[in-house]
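A look at the structure
Okay, here's what each chain looks like letter by letter:
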Amino acid sequence: MRKRQLGNTGLSVSELALGTWGLSGDGYTQVAEIEQDAVIDRALSLGVTLFDTADSYGKGAMERKLGQRLKDKEAVIVTKLGTDRDALPPRKCFTPAFLRQAFEASRERLQREVVDVVLLHNPSERTLERGDATSALRELKSKDAIRAWGVSVGSASVAREAIKQGAEVLELAYNAFHSRALRELESEIREKGIGILARSVLAHGLLCGQWPTNKEFASGDHRAERWTTDDLKRRISQLNALRPCVVGSVTSLRAAALRFVLASECVSSAVLGPRGSLQLDQLLRDAGKEPPYLTPESLSALDLRLANVGVSA
């Protein structure tokens, strides 16, 4: 497993990370606890050193699971704060008092005296502009309770405000169909030395290219609400732009999509969301072992094909 620097944080991380939202069952069907354990243990054995979670995943269950499985292991844990799950309905909350309380609960579940990376979990631009939430994380770092802090963002504008506030790490969606935000921010990211965690690298399974045009999702699966029937058909047809990348050692659309993400020098780690050990093994094989993951020529040609099929990345 190759490693990359997480920006200027001083942390070295595996270029593939294990995300735990899918394991939690929050957005998909439930995963048996024995399989959760197996995926985490398998990731460790394959050289994954970065594990991504949040205090809201499984109402804290995934933090607790990582605390148990990674105790005394050389692993970097990224967690996210800012969701009040006790409220009905659950709501975002970024007041300093709430964040401090949430952090102490996370630290206890993770069994870490010092938490490697803490991110604000999808705050609004206005929340960041107020500055009290980011100040709370800076205070935790000043007390050596965390090694680095940042923001998990949903747009380029929120990311830009996070950078303005001094975020050291950003987590954002980045894939072949959704690359505009990272490209817009590239110069700022390089200038500030910000660590980038790329999530949604397979667009929740879309970029694997295995769905029929009449694909239906089970009840409780978040993807049922993500696309209309027509949107999904259009997206599946746009996968034709990615197919010419499947050549040589790139043996599938999934491999092409994953290597697209790894080809970016801005990306510190690509956050994967396997829900089983077999999926994890497949993803790690698909990623390839070393650069070039996709050649500059292949990436340039892909950009043109995506534009031709109407992908406004």
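Description of the structure in this document. Within each chain, residues carry numbers counting from 1 in the order of the written sequence. Restriction of local features to residues with pLDDT of at least 70 applies here, the model being predicted, together with a cutoff of 80 or more for giving and counting side-chain atom pairs; totals for whole chains, interfaces and linings are based on all residues. Water and hydrogen atoms play no part in the side-chain values, which are based on all heavy atoms of the structure.

Look at helix H2 (residues 33–45) against helix H11 (residues 277–287): their axes get within 9 Å of each other, and the N-to-C directions meet at 25°. By the criterion of interaxial angle, the relationship of H2 to H11 is roughly parallel. Across the interface between the two elements, Glu35, Ala38, Val39, Arg42 and Ala43 of H2 pack against Ser277, Leu280 and Asp281 of H11. Note on residue categories: nonpolar means Ala, Val, Leu, Ile, Met, Phe, Trp, Tyr, Cys or Pro, charged means Asp, Glu, Lys or Arg, and polar means any other residue, Gly included. Partitioning the contact of H2 with H11 into residue classes produces four nonpolar, one polar and three charged. Convention adopted: a line fitted to C-alpha atoms gives each axis, helices being fitted over their contacting stretch, and angles between N-to-C directions are expressed from 0 to 180 degrees. Every helix listed is a DSSP run of H or I at least four residues long, and every strand listed is a run of E at least two residues long, numbered separately from the N terminus. Under this scheme an angle from 65 to 115 degrees is roughly perpendicular, one under 35 degrees roughly parallel, and one over 145 degrees roughly antiparallel; angles in between are oblique. Any pair of residues with heavy atoms lying within 4.5 Å of one another is described as a contacting pair.

Our focus in this paragraph is the packing of aromatic side chains. Working definition: rings of Phe, Tyr and Trp (its six-membered ring) pair if their centres are within 6.5 Å, and the pair is stacked with planes under 30 degrees apart, edge-to-face with planes over 60 apart, and tilted otherwise. Inspection of every chain in the model, using the stated rule, returns five aromatic pairs. Consider the rings of phenylalanine 217 and tryptophan 227, whose centres lie 6.4 Å apart with planes at 35°: the pair is tilted. Separated by ten residues along the polypeptide, phenylalanine 217 in the loop between strand E11 (195–199) and helix H9 (229–238) and tryptophan 227 in the loop between E11 and H9 bring together distant segments of the chain. Assigned by exposure class, phenylalanine 217 and tryptophan 227 land together as buried. Among the aromatic residues, those joined into a cluster by ring pairs are Trp211, Phe217 and Trp227. Three labels apply to residues, based on accessible area from a 1.4 Å probe with only protein chains included: buried if under 20% of the type maximum, exposed if over 50%, partly exposed otherwise in between.

Pairing is parallel in the closed barrel, where eight strands are placed in the order E3-E4-E5-E8-E9-E10-E11-E12. Direction aside, the axes of adjacent strands within the sheet are offset by 25° on average. The pairing of strand E10 (residues 169–173) with E11 spans five bridges and is classified as parallel. Bridging from a neighbouring strand, leucine 170 pairs with isoleucine 196 of E11. Two strands pair if DSSP finds at least two bridges between them.

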